[in-house]
Amino acid sequence: MDYILKVKQLEKNYGERKAVKGISFNVKSGEILGFLGPNGAGKSTSINMIATVVDYDKGSIFFRDTDVKSDENYLKQNLGVVPQDIAVFTDLSAYDNVKFFCSLYGFKGKELKQNVEEALNFVGLWDRRKDLPSKFSGGMKRRLNIACAIAHKPKLLIMDEPTVGIDTQSRNNILETVKELNKNGTTIIYTSHYMEEVESICTNLIIMDEGSIVEEGTTEELKNKYSKDNLEEIFLQLTGKALRD
Ligand SMILES: Nc1ncnc2c1ncn2[C@@H]1O[C@H](COP(=O)(O)OP(=O)(O)OP(=O)(O)O)[C@@H](O)[C@H]1O
Ligand SMILES: [Mg+2]
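Along each chain, the written sequence defines residue order, and numbers are assigned to residues from 1. In the order they appear in the text, chains get letters beginning with A and ligands get numbers beginning with 1. pLDDT decides what is reported in this predicted model: residues at 70 or higher carry local features, side-chain atom pairs at 80 or more are listed and counted, and totals for whole chains, interfaces and linings draw on all residues regardless. Computation of side-chain values covers all heavy atoms of the structure but excludes hydrogens and water.

A. Spotlight on the pattern of salt bridges. Should a side-chain nitrogen of Lys or Arg be within 4 Å of a carboxyl oxygen of Asp or Glu, the pair is scored as a salt bridge. The full count for this structure, using the stated rule, is nine salt bridges. Asp65 is the partner of Lys6 in a salt bridge, and the nearest nitrogen-oxygen pair spans 2.9 Å. You can see Lys6 sitting in strand S1 (residues 3-14) and its partner Asp65 sitting in the loop between strand S4 (58-63) and strand S5 (66-67), a full 59 residues away along the chain. Relative accessibility decides the category of a residue: with a 1.4 Å probe and only protein chains considered, values under 20% of the type maximum give buried, values over 50% give exposed, and everything between is partly exposed. A relative accessible area of 21% places Lys6 in the partly exposed class. Taking the relative accessible area as the measure of exposure, Asp65 reaches 56% and is therefore exposed. Here Asp131 ties to Arg128 by a salt bridge, and the two come within 2.6 Å at their closest N and O atoms. A relative accessible area of 30% places Arg128 in the partly exposed class. Under the DSSP-based scheme used, a helix requires at least four consecutive residues in state H or I and a strand at least two consecutive residues in state E, with every element numbered from the N terminus.

Here you go:
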């Protein structure tokens, strides 16, 4: 099996709080892995450790068989992250935001221009490229955030709840973007609170609760195992919590 990422016994404590309790999982090349869990389950902490923004206390992460601790740059060059909280520069145009993030990966000149144009087109914001993000709706800001994360064409893209609190048009645009990126060969880890989304795009699921992985498998596997045709009910049975906040 071709795994792009392997996570082994990953652990993170915030003082007394055990945010992530030694989780292990593999991400197959080419899949869209859905990361589910109630508020505080440890999804963002896990994702941020993979993205090297948060240090971990124990465990290891391998990107294509290279320990990230021994070569952080190898992962970083190949990784795109859409954080849970929108992170764009409000005083730069949409175009300059994407250009800035893409240039961090060493792109220059024609190639840089081409990548920025492609990313903005991909999320449907090319026509609004000259505008400041402060003039954007929530959904458009999220799409810009995605453009910033994909312009350098990462092999692995991590999206932390990219569709929270946005309009239907932007949500559909984002879901189509995710599917299209995946078709073009990007492996995606996708966090969401919305079961319909997860069911429609994810090839594999991981359910987290209180810092641990409580179940994993394809939607079909989980439905068969629990004899239920509704993921929401399976989630409730496993965690005792409703999925949405
Ligand atoms: N910087 C931090 N300092 C202290 N505790 C933290 C910090 N970040 C997260 N935590 C705690 O770690 C636990 C896991 O939080 P995390 O943000 O990873 O959950 P989540 O699954 O992403 O939740 P949500 O669905 O609300 O985004 C929570 O108990 C949270 O309060
Ligand atoms: Mg989170």
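B. Spatial organisation of the coordination of the magnesium ion (ligand 2). Each metal site lists N, O and S donors within 2.8 Å (3.2 Å for Na, K and Ca). With water left out of the atoms, a site can look as if it is missing ligands. Ser44 (OG) and Gln84 (OE1) make up the full set of protein donors to the magnesium ion (ligand 2), lying at 2.0 to 2.2 Å. Taken as a pair, Ser44 in helix H1 (residues 43-50) and Gln84 in the loop between strand S6 (79-82) and helix H3 (94-103) lie far apart in primary sequence, 40 residues in all. The class of Gln84 is partly exposed, set by a relative accessible area of 32%.

C. Fine view of the side chain of Arg142. The topology assignment puts Arg142 in helix H5 (residues 138-150). Charge counting treats Lys and Arg as positive and Asp and Glu as negative, with His and both chain ends excluded. For the buried residue Arg142, which engages in no salt bridge, the nearest side chain bearing the opposite charge is Asp85, 5.8 Å off. Whether two residues touch is decided by their heavy atoms; if any such pair falls within 4.5 Å, the residues are in contact. Contact partners of Arg142, with chain neighbours within four places excluded, come to Pro83, Gln84, Ile86, Glu161, Pro162, Thr163, Val164, Ile166 and Ile174.

D. Summary view of the pairing of strand S9 (residues 204-209). Taken across its six residues, S9 has six buried, putting it largely inside the fold. Here S9 shows no split at all, with Asn204, Ile206 and Met208 on one side and Leu205, Ile207 and Asp209 on the other all buried. Paired strands, in this sense, are two strands between which DSSP finds at least two bridges. Bridge count between strand S3 (residues 32-36) and S9: four bridges; the pairing is parallel. Paired with Gly34 across the two strands is Leu205, which belongs to S9. For S9 and strand S10 (residues 212-217), the ladder comprises five bridges, and the chain directions are antiparallel. Each residue of the ladder has a partner; that of Met208, found in S10, is Ile213. Hairpin connection, S9 to S10: the antiparallel pair is bridged by two residues, and Glu210 has positive phi, about 45°.

Take it as geometry only, folks, not as evidence of what the structure does.
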